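Read off the chains here:
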Amino acid sequence: MKWDEFFVTGDPFIYAADASIVFTSIGIVFVLTYYKKWKWLWSEWLTTVDHKKIGIMYIIAAVLMLFRGGVDALLMRAQITAPGSEILKSQHYNEIFTTHGTIMIIFMAMPFLIGLINFAVPLQIGARDVAYPYLNAVSFWTFFFGAMLFNISFVIGGSPSAGWTSYVPLAGEELSPGPGQNYYLLGLQIAGIGTLLTGINFLVTILKMRAPGMSIIRMPMFTWSTLITMILIIFAFPVLTVALALMTFDRLFGSHFLTLADGGLPMLWLNLFWIWGHPEVYIVILPAFGIFSEIISTFARKTLFGYKAMVWSMVSIAGLSFIVWVHHFFTMGANAVVNSFFSITTMAIAIPTGVKIFNWLFTLYKGRIKITSAMLWSLAFIPNFTIGGVTGVMLAMAAADYQYHNTYFLVSHFHYVLISGTVFACFAGLYFWYPKMFGHRLNERIGKWSFWLFMIGFNVCFFPMYFLGLDGMPRRIYTYEWADGWFDLNVVATIGAIGMAIGFVLLIYNIYWSFRYAERETTGDPWDGRTLEWSTHTPVPFYNFAIIPEVSGLDAYSRMKRDPAQEKKKEYKPIHMPNYSGKPIFMSVAFFISGFGLVFEWWWMAILGLIGVLAMLLLRSFDYDDGYYVPVDEVERIEKSYE
Amino acid sequence: MAKKCSHFPWQHLIGFLLSIVLTLVALWAGLYSGFSMTIIIVIIVTLASVQAIIQLFMFMHMTESSNGKHQTHVMIHSAFIAVILVAGTIWVLSYGFH
Ligand code: HEM
Ligand SMILES: [Cu+2]
C-alpha cells in the first residue's frame, strides 16, 4: 500500500480535518506539559476505577462524538438543501451518513447514557462503587479506543460507506473493497466488548449492592430502567458480536456466510443485525425514560405516579423488543403471515409506552412544578416523543410500510424518538446531575436559550421530513432534481438544523461560562432531590458514603429529610476501596493496535496487538490486588472538611 | 473458591481443551468428512449443544451459586432468547422466499 492510499487525499474538507487534528493534538500536549499535568492526568483519570470519574469520562467522550456526528449532519444538510449542489461528492456523502449514524448511536447515545448511569446509579442505590470496578475501566477504555479506531477512518484509509446498517452484499468485499468497512466491523467489535461488560457489571451491581432496606421495589426509577437495559444488553449484544464476526470472516478470510455466491445468505445479516438492532433502540431509550422519571418527579415535587405500572411497562417493552425485529425489513418480501405477526407485536409496544406517557402526565398533575432547564427538556420530551411513537405505529403497518420504508418519513420517525427521547434525556440528565459532578450548576438563562433554540430547531428540521417522505424523497440520496419539488421543505429543514447547532454551541458555552462564573454549590442537594445521590456531599468523596444509608421506602432521601430524627449517630468503620490500575488502558491500546492491523490486513500487527491483550489478561490473572482500607481517622478527617 | 485446595484451574483448562477439540471436529465434519448435508448438520448441531453444556458447567459457574433462583432466572431468559433467535430466524428466512 502506498502512502497516498493510506492517508485520504484530494478533498479540502479532509485536509482541513487533518490540520485541525494535528493542531488540537499539539495544543493538548502543549497545555498538559506547560501546566505539568501529565502525572495528574495519568494517576487521577486514565488509571481510575472510580465509577464517578469513569462516568464523567464517558460523558466527555460522548459530547465530543456528538460534535463529530453533528458536523457530519450539518455537512449532509448543506449538501441536500438545494438540488444539484456539489459540496459533497456521492461517495463522500455516503461515508458521512454512514459515520453519522454509527457514531450517533454507538459512540454518542449509548456512552452518554452509560456515563450518566455510571455516575448516578451507584449513588442512587447507596453503593461505594460498582461490583467490578476494574472491569468498569476496561469497559470505558475498550469503548474509547473502539470509537477512536472508527473515527480515524476518515483521515486514514477512508470511511465505511454502506450505511450504519451495513447491509450485504453492499458492505461485502466486492462492492465495498478496502479498509472502510473493516473499520466499522472492528471499531464496533472492540467497543461492543465494553458495552457487554457494562451490562454484566451493572446487572450485578444493582442486584447485589443496594443499601440495606432498598428492596427491589424501592429502587429509584432510573435504577430500574438501568437494570432492565443491562438485561437487554446482555442478551442483545452477543448477537451483534456474532454478526460482526461473520462479516469480518467473510471480508478478511474469504468465508461465505453472508455472500451472494457459494451458498451464503445475505439476508442473514439483516436478520441478525435487527435482532440486535431493535433491542438496541430500547437500550438507548429505557435509561432515558428513567432519567425523565427522576426529573419529572423531582420538579413536580411529587412521588412518581404509578411506580409499578412504570416498572411493568418497561419489562414488557423489553420483552417485546425481542420479537419485533422484522419490522425493519417488511419489504424484504417475507409472506403475509410473517409480516402480520411482526406488525402486531410492533404495534403492541405502543401500549406500554402509552402507559408511561400517562404516568408522567399524572405525575405532573397537581404537582408544584418548578421549571428548570432539566425540567424543560423533560417536559418537551413528552409531546415530541409521542409524535415519534405515533409515526412508529404508522410504520408498523406492514402494508403501509411499503410506502414509507426508506423514505424521509422513516428518517423523521427515528429522529423524533432518538432526539426527543435519548438526546433530550442526555441533556436533561446532564443539567440535573451536573452540580453533583462538578460542584456548580449550569446557568439557567443560557440553558433556557439553548433549550428553546434546540427544541424549536429540532421540530423545524424534522417535522417537514415527514412530508418530504410522503412526497417520495428517499433516504440516503446525495442529490435530487428541481423537478422533484423537494427544495422548499429541505430549506426549512436546514434552517432548523442550524437552530439545533446554535443550541448545542450554547450548551457548550454554558459549560464554559458556569465553570468560570457560576456560584459554587456546597449543600449537596441543589434541587431538593428525592433519591440517595443527593444525600452525599458535593464534591462526592471517593468512597461516596461514609456510612451506608438505611432505606425505609421509595424516595429514600425525601424520607430522611422529612424525618431527620432517624439520622443515626455517626460511627465510622474502615472503608474498603479498590486500587487504580493502568492495565485497562494498556489492554485497550493493544486492542486498538490489533484492530488497526486487521483493518489493513497487516497480520503481524494484528497478532502483535492480540499478544498484548493476552499479556494483559495474564498479568491480571496473577494480580492478587485486593484493594485497600481507608482508616477511620482519614474518613473522619474527610467528613470534617465538608462542615 | 476456598473449598477447593488446588489453586490450579483444572476445570477451565479441561473445558477449554474440550471446546477446542469439539470445534475442530465440527470443522472437520464440515470441510473434509464428505458426509451428506443432513448428517453434517446433525453432527454440528449436536457438537454445538454439547459444547454449550460444557461451557455452562466449566466456565459459567452453573453449580456454584448459593441459591438457585438467579440461575433459574438466567437460564429461562437465555432459553427464551435462544428459541426466539433460532426458531425466529428459520421462520423468517424460510417463508416467502424462493
Ligand atoms: C411506539 C414505538 C415504536 C414503533 C411502533 C416503531 C416502529 C418502527 C418501524 C416499523 C420501523 C421501520 C420502518 C422502516 O424501515 O420502514 C422503525 C425504524 C426505526 N426506529 Fe422505531 N418504533 C418505535 C419506537 C422507536 C424508539 C423508541 C426508537 C429509538 C429510540 C426507535 C428507533 C428507530 C430507528 C433508529 C429506526 C430506523 C433504523 C434504520 O433503518 O436505520 N423507534 N421503527
Ligand atoms: Cu425496530
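Caption draft 1: Layout of the pattern of salt bridges. Residues and elements named next belong to chain A. One pass over the structure, following the stated rule, counts ten salt bridges over all chains. For Glu444, the salt bridge identified is with Lys448, shortest N-O distance 4.0 Å. Of this pair, Glu444 and Lys448 are both found in helix α16 (residues 444-470), four residues apart, which corresponds to roughly one turn of the helix. Across the pair Lys561 and Asp528 runs a salt bridge whose closest N-O atoms are separated by 2.7 Å.

Caption draft 2: Here's a closer look at the packing of aromatic side chains. All names here are of chain A. Here the structure, examined in full by the defined rule, presents 68 aromatic pairs over all chains. Geometrically, the ring pair formed by Phe424 and Phe458 is edge-to-face, given 5.9 Å between the ring centres and 70° between the ring planes. Here Phe458 lies in helix α16 and Phe424 lies in helix α15 (residues 408-438), a separation of 34 residues in the sequence. Under the relative-accessibility criterion, Phe458 is labelled buried at 0%. Relative to Tyr543, the ring of Phe542 lies with its centre 5.2 Å away and its plane at 70°, an arrangement referred to as edge-to-face.

Caption draft 3: Spatial organisation of the interface of chain B and chain A. Contact residues are listed per partner, giving 15 residues for chain B and 22 residues for chain A. Scanning the region where chain B abuts chain A turns up one residue pair in polar contact (both at pLDDT 80 or more). When the residues that make up the side of chain B that touches chain A are grouped by side-chain class, the tally is nine nonpolar, six polar and no charged.

Caption draft 4: The arrangement of the coordination of the iron atom of ligand 1 in detail. Residues and elements named next belong to chain A. When only protein atoms are considered, the iron atom of ligand 1 has one donor, His413 (NE2), at a distance of 2.2 Å. The metal-metal distance between the iron atom of ligand 1 and the copper ion (ligand 2) comes to 4.6 Å. Following the sequence through the fold, His413 ends up in helix α15.

Caption draft 5: Summary view of a positive patch on the surface. Residue and element names in this part refer to chain A. On the surface, a cluster of positive charge is made up of Arg301, Arg368, Lys370 and Arg441. As for its position among the elements, Arg301 is in the loop between α10 (286-299) and α11 (307-320). For Arg301, a relative accessible area of 33% puts it in the partly exposed group.

Caption draft 6: Layout of the environment of Pro238 of chain A. Residue and element names in this part refer to chain A. By the secondary structure assignment, Pro238 is in helix α8 (residues 221-253). With a relative accessible area of 31%, Pro238 lands in the partly exposed category. For the pair Pro238 and Ala109, spaced 129 residues apart in sequence, the C-alpha to C-alpha distance is 19 Å. Residue contacts for Pro238: discarding those within four places in its chain leaves Leu196 and Ile233.

Analysis parameters
- Residues numbered from 1 in each chain as written.
- Chains lettered and ligands numbered in written order.
- Predicted model: local features only at pLDDT ≥ 70, side-chain atom pairs only at ≥ 80, totals over all residues.
- Heavy atoms only, no water.
- Salt bridge = Lys/Arg side-chain N within 4 Å of Asp/Glu carboxyl O.
- Helix = DSSP H or I, 4+ residues; strand = E, 2+ residues; numbered from the N terminus.
- Phe/Tyr/Trp six-rings, centres within 6.5 Å; stacked < 30°, edge-to-face > 60°.
- Buried < 20%, exposed > 50% of the residue type's maximum accessible area, 1.4 Å probe, protein only.
- Contact = heavy atoms within 4.5 Å.
- Polar contact = N/O pair within 3.5 Å; in protein donor to acceptor, adjacent residues only side chain to side chain.
- Nonpolar A, V, L, I, M, F, W, Y, C, P; charged D, E, K, R; others polar.
- Donors = N, O, S within 2.8 Å, 3.2 Å for Na, K, Ca; no water.
- Patch = residues over 30% accessible without salt bridge, like charges linked within 9 Å, V, L, I, M, F, W, Y side chains within 5 Å.
- Areas by Shrake-Rupley, 256 points an atom, 1.4 Å probe, with all protein chains shown as cover.
- Lys, Arg positive; Asp, Glu negative; His and termini not counted.
- Charge placed at Lys NZ, Arg CZ, Asp CG, Glu CD.

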